[in-house]
Amino acid sequence: MSLFKARDWWSTILGDKEEFDQGCLCLANVDNSGNGQDKIIVGSFMGYLRIFSPHPAKTGDGAQAEDLLLEVDLRDPVLQVEVGKFVSGTEMLHLAVLHSRKLCVYSVSGTLGNVEHGNQYQMKLMYEHNLQRTACNMTYGSFGGIKGRDLICIQSMDGMLMVFEQESYAFGRFLPGFLLPGPLAYSSRTDSFITVSSCRQVESYKYQVLAFATDADKRQETEQQKLGSGKRLVVDWTLNIGEQALDICIVSFNQSASSVFVLGERNFFCLKDNGQIRFMKKLDWSPSCFLPYCSVSEGTINTLIANHNNMLHIYQDVTLKWATQLPHIPVAVRVGCLQMKMKWKCLFEFKELMNLTFSEKPLQSDLKGVIVTLSDDGHLQCSYLGTDPSLFQAPNVESRELNYDELDVEMKELQKIIKDINKSQGVWPMTEREDDLNVSVVVSPNFDSVSQATDVEVGTDLVPSVTVKVTLQNRVILQKAKLSVYVQPPLELTCDQFTFEFMTPDLTRTVSFSVYLKRSYTPSELEGNAVVSYSRPTDRNPDGIPRVIQCKFRLPLKLICLPGQPSKTASHKITIDTNKSPVSLLSLFPGFASQSDDDQVNVMGFHFLGGARVTLLASKTSQRYRIQSEQFEDLWLITNELILRLQEYFEKQGVKDFACSFSGSMPLQEYFELIDHHFELRINGEKLEELLSERAVQFRAIQRRLLARFKDKTPAPLQHLDTLLDGTYKQVIALADAVEENQGNLFQSFTRLKSATHLVILLIGLWQKLSADQVAILEAAFLPLQEDTQELGWEETVDAAISHLLKTCLSKSSKEQALNLNSQLNIPKDTSQLKKHITLLCDRLAKGGRLCLSTDAAAPQTMVMPGGCTTIPESDLEERSVEQDSTELFTNRRHLTAETPRPEVSPLQGVSE
């Protein structure tokens, strides 16, 4: 059986050629039994009243004789049955049966049987009301806030509401403008009656208004009412839904507010108590009945909606959660709690839809959430959602005793094999990707004869460009090969996207493009990256398996830098120590020699196209090199280029033990100034965007007022609205320009911050002699973003990464490792916390801490390196004192010349007086 068919638990056919409607079905504990189980009460238009208590011996069985508790012929058509506290003096449940001209209230009771025929049930008439008008439907509730008893309101076919206070008739009122009767419901929250009139609008009438209105002895207004005597019936609120309603239901559960549900002919509405639409759902089929009930999700309500296509849909608010097929078209649907006398095991995949709960007991179980449906021809069915368990039981296999020692040995061997395979092959199978595609990049050593630089913003008259050639050679058939080239801004490419089709193997494709400096500041890196994404087709996957291969290339320094005049003094200086004799700068930088004098072999000047100047000095007697400039971030490229060229030089000489080191103080103060400048631009950008948003709202408001006055047939004076509009427009344009300018400055500041960050990472690596893996961890922590945005900025991201390092591999105690980091990144109020964490990071590295990805290696650091600080404190109060002490260690001495030597480094002899 299909999963999307309702599972038949119990069903029966009522009578012969009897007819039923939506009011003929009710589920309640009508006999007030102690177990609280619901009984199914069904009345028909033929006058028969039946009460069922299903107890199937097997799921899907039809009705047994003992399932029918009571069947009575009332001789009058049954329009509606309801169960409530309808008898005065007791809170027991009684059965109210509405006939066309009579309302009867019965007491249903059962007598314990002494023979095998079971219990005996009987109905006793408590009272009845003969109606003067033909009834249509009824509703009940605690009208007027009366507790402990239910009152009944009957709507007649000519629009009269008759209220009965249990055994006595209270009053009757005619609905104004009545034509045809509609569904009727009572809201206990607002103490009002809600119906849908023939005008296709939902109407609400307060019970107090009905009670104090003029008596309705006849439909027409009397002369006294016309003269103003008495109170006239006034509607509380109305809502036009544009269609006739099939049913109204009012629900109020603990986890949701009171709601009015209206089922229309093509739409399903959910209204608030005041008549406002909470939500509505357009139905693609014709509904027949519905029932809202409590949902397991807080704040939502589930609704059963049946249609004329034999389908039952379950909605959670407006979302369709489940659909199941029924064997008939229901005119009434209810959900109740029934009883089973069997050990019944069933698997429900969607028990949350119906709030199903099960308890497995040997002889008796409660099924809460069973769906009871009734068709117009008397097909009564109890069903549930889900599937039955499979009755197949696997045969018992020959059991043997397990040798757990052998299993442990075998498991260890298999784990070793898996580990060896992962080490040799990695996650992917052994396929040489280099055999699929070979990518090589060649950077031209010379400038282009005709520069390809266009739309440059550099102050230099002629900006050079260099040609880069990328060659792709395939070994197999490839599909959809796409080449993307990336360089660091402000470097620009003439073309950065290329597409290829390798339909045959052993093809070579070469593309060329030019690189040049577009804007007047220095890039943070000279490295570029060529990334090729392609698809390799296989027998199982003709579309191909996506793969990526990349190749990095390095651009020449002369692309952004020209030979310049050396400077003897500068604001920022760093010194790099080596373990080999100094090398002539002319041999390291052959393209930047401004003079060929032997006296100048240890001094060289660099002039960046962006305007910065850097001086490089080599000591004549010691193994040191000094880089100095007016801007701290401008030291990065020359320092990095010096180390790379020194390594290449000694590799060509066959020297393998060449090493560089840094023994000076860490220039954190200069680095913090760049951080503060970048953060200030971010804050300024937020303020400008907020101000721009306010001015834009003001501009649109003025536009709306002007438009309203221009459309008016008799326009009022503008009252200087046009002047205000023009001034606001100018402010919007000025703020937009300011935002754009600030974004450009922020991007430029972020590039300079990246250059300074690269330099700090390099100096930390040389200072503490970190390995390549440890330097990679520092780069991942300090440079996690390729682009800085207002939503996710550099400061909060780096602060989170450094805090993680301080609490894991660089932690002093297990207490720090147990601290949890905030998972949400927000822009900080200032940079003091970030600067404190960076200082602590350097301090703990100075005490012997080492960076690693595993927290097992984190241990209290007690070893003190040369130049270290005092012990890291555990409290915030002690941290403040450490910051003051650390400032002396990690502050760069700016004005350092040959005449003012540093204690850590001997004076350089390469600077002439």
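Please refer to the structure placed before this passage.
Below you will find a few notes about this structure. (Residues numbered from 1 in each chain as written. Predicted model: local features only at pLDDT ≥ 70, side-chain atom pairs only at ≥ 80, totals over all residues. Heavy atoms only, no water.)

With that settled, consider the side chain of Glu633. As for its position among the elements, Glu633 is in the loop between strand E41 (624–629) and helix H7 (635–652). Of the side chains with opposite charge, Arg752 comes closest to the buried, unpaired Glu633, at an N-O distance of 4.1 Å. Setting aside its immediate chain neighbours within four residues, Glu633 contacts Leu674, Arg752, Ser755 and Ala756. (Helix = DSSP H or I, 4+ residues; strand = E, 2+ residues; numbered from the N terminus. Buried < 20%, exposed > 50% of the residue type's maximum accessible area, 1.4 Å probe, protein only. Lys, Arg positive; Asp, Glu negative; His and termini not counted. Salt bridge = Lys/Arg side-chain N within 4 Å of Asp/Glu carboxyl O. Contact = heavy atoms within 4.5 Å.)

A sheet is described by the order of its strands in space; here four strands give the open sequence E22-E23-E24-E25, paired in antiparallel fashion. This sheet does not close on itself; its edge strands, each paired only once, are strand E22 (287–294) and strand E25 (319–325). Taking the axes of each pair of neighbouring strands and ignoring which way they run, one obtains an average angle of 20° across the sheet. Bridge count between strand E24 (residues 311–316) and E25: six bridges; the pairing is antiparallel. By the bridge assignment, Met311 is partnered in E25 with Gln325. (Pairing = 2+ DSSP bridges. Axes fitted to C-alpha atoms, helices over the stretch in contact; angles between N-to-C directions.)

Let us look at the nonpolar core. Ranked by internal contacts, the top residues of the largest apolar core, which has 103 residues, are Leu483, Phe606, Tyr671 and Phe782. The element best represented in this core is helix H9 (residues 721–768), accounting for 11 residues. Setting aside its immediate chain neighbours within four residues, Phe606 contacts Leu557, Cys561, Leu562, Gly564, Phe589, Phe592, Ala612, Arg613, Val614, Leu616 and Ile638. (Core = buried A, V, L, I, M, F, W, Y, C linked by side-chain atoms within 4.5 Å.)

Below, the discussion takes up the layout of surface pockets. Approximately 1,300 Å³ is the volume found for the second largest pocket. Contributing to the lining of the second largest pocket are 44 residues, with Glu525, Glu527, Trp636, His758 and Glu779 lying nearest its centre. Within the residue set of the lining of the second largest pocket, elements represented by two or more residues are strand E31 (478–487), strand E35 (527–536), strand E36 (545–554), H7, strand E42 (660–661), H9 and helix H10 (772–782). Sorting elements by how many residues they give to the lining of the second largest pocket places H9 first, with nine residues. Of the residues belonging to the lining of the second largest pocket, the class tally is 22 nonpolar, 11 polar and 11 charged. (1 Å grid on protein atoms, 1.4 Å probe; cavity = no way out; pocket = protein on both sides within 12 Å on 5 of 7 lines; lining within 4 Å. Points joined across faces, edges and corners; volume = space filled by probe spheres on them. Nonpolar A, V, L, I, M, F, W, Y, C, P; charged D, E, K, R; others polar.)

One can find His129 in strand E9 (residues 120–130). Within polar-contact distance, the side chain of His129 engages the backbone oxygen of Gln166 at 2.9 Å. Setting aside residues no more than four positions away along its own chain, His129 makes contact with Arg101, Lys102, Leu103, Phe164, Gln166, Glu167, Ser168 and Tyr169. (Polar contact = N/O pair within 3.5 Å; in protein donor to acceptor, adjacent residues only side chain to side chain.)

Another point: the packing of helix H8 (residues 668–711) against H9. What describes two packed helices is the angle between their axes and the distance between those same axes. Contact geometry for H8 and H9: axes closest at 8 Å, N-to-C directions at 160°. In this view, H8 runs roughly antiparallel relative to H9, as classed from their interaxial angle. The hand of the H8/H9 crossing is left-handed. Class assignment of the residues belonging to the contact of H8 with H9 gives a composition of 25 nonpolar, 13 polar and seven charged. (Parallel < 35°, antiparallel > 145°, perpendicular 65-115°, else oblique. Left-handed = near helix turned anticlockwise from the far one by under 90°.)

Our focus in this paragraph is H9. In this model H9 runs 68 Å from its N-terminal to its C-terminal C-alpha over 48 residues, within 8% of the 70 Å that 1.5 Å per residue would give. Just past H9, the residue Lys769 takes up positive phi, approximately 50°. (Expected span 1.5 Å × (residues − 1).)

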